[in-house]
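# Structural description and commentary
Chain by chain, the residues:
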Amino acid sequence: QVQLVESGGGLVQAGGSLRLSCAASGSTGDTDAIGWYRQAPGKQRELVASISSRGITKYADSAKGRFIISRDNAKNTVRLQMNSLKPEDTAVYYCNAGFYLSGRYYQRAYWGQGTQVTVSS
């Protein structure tokens, strides 16, 4: 089992920044890769960014150039630095423990409780 705990959400004005953290514990052998997802009201959950154990990163088009995902393996922590935030970034952000296969991120059934990000215009 893997436990994931997100933190760092909040309310920010458009153009501002937030840094989210995802702390993993338990069977961290299942945290080969970590993905950050978000879900806005009435919308499906979408993958925003992911990072492999070796630091290979992938971003959704909506996040490219604005978000940076990083990991500290010694601390079992993955961070998502979000810059130039827009109102459409408003969502609950979740981290997920998964894996990469053929360059694509696949989720496992390990989710955090989520952290709310609200961007005001």
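Look up: the structure comes first, before these words.
Residues numbered from 1 in each chain as written. Predicted model: local features only at pLDDT ≥ 70, side-chain atom pairs only at ≥ 80, totals over all residues. Heavy atoms only, no water.

A few words now on the state of the cysteines. Counted under the stated rule, the structure contains 1 disulfide. Linked covalently through their sulfurs, Cys22 and Cys95 form a disulfide whose S-S length is 2.1 Å. Measuring handedness by torsion sign, the sulfur bridge of Cys22 and Cys95 sits at about 70° and is right-handed. In this pair, Cys22 sits in strand β3 (residues 18–26) while Cys95 sits in strand β9 (residues 91–101), placing the two residues 73 residues apart along the sequence. (Disulfide = S-S within 2.5 Å. Helix = DSSP H or I, 4+ residues; strand = E, 2+ residues; numbered from the N terminus.)

What follows covers unusual backbone geometry. Excluding glycine, residues mostly carry a negative phi; peptide bonds, for their part, are mostly trans. Even without being a glycine, Asn76 presents a positive backbone phi close to 50°. In this structure, Asn76 sits in the loop between β7 (67–72) and β8 (77–82). Given a relative accessible area of 34%, Asn76 falls into the partly exposed group. Notably, Ser102 is not glycine yet its phi reads approximately 55°, a positive angle. Judged by its relative accessible area of 77%, Ser102 is exposed. (Buried < 20%, exposed > 50% of the residue type's maximum accessible area, 1.4 Å probe, protein only.)

Before going further, it helps to spend a moment on the packing of aromatic side chains. Applying the stated criterion to the full structure yields 5 aromatic pairs. Both rings, one in Tyr37 and one in Trp111, keep their centres 4.9 Å apart while their planes meet at 65°; by these two values the pair is edge-to-face. Placement of Tyr37 in strand β4 (residues 33–39) and of Trp111 in strand β10 (residues 104–111) is noted, with a sequence separation of 74 residues between them. A relative accessible area of 29% means that Trp111 is categorised as partly exposed. Within the aromatic cluster, the residues linked to one another by ring pairs are Tyr37, Tyr94, Tyr100, Tyr105 and Trp111. Over the ring of Tyr94 we find Arg45, and its NZ or CZ is 3.8 Å from the ring centre. The lysine or arginine in question, Arg45, covers the ring of Trp111, its NZ or CZ lying 4.5 Å from the ring centre. (Phe/Tyr/Trp six-rings, centres within 6.5 Å; stacked < 30°, edge-to-face > 60°. Lys NZ or Arg CZ within 6 Å of the ring centre and 35° of its normal.)

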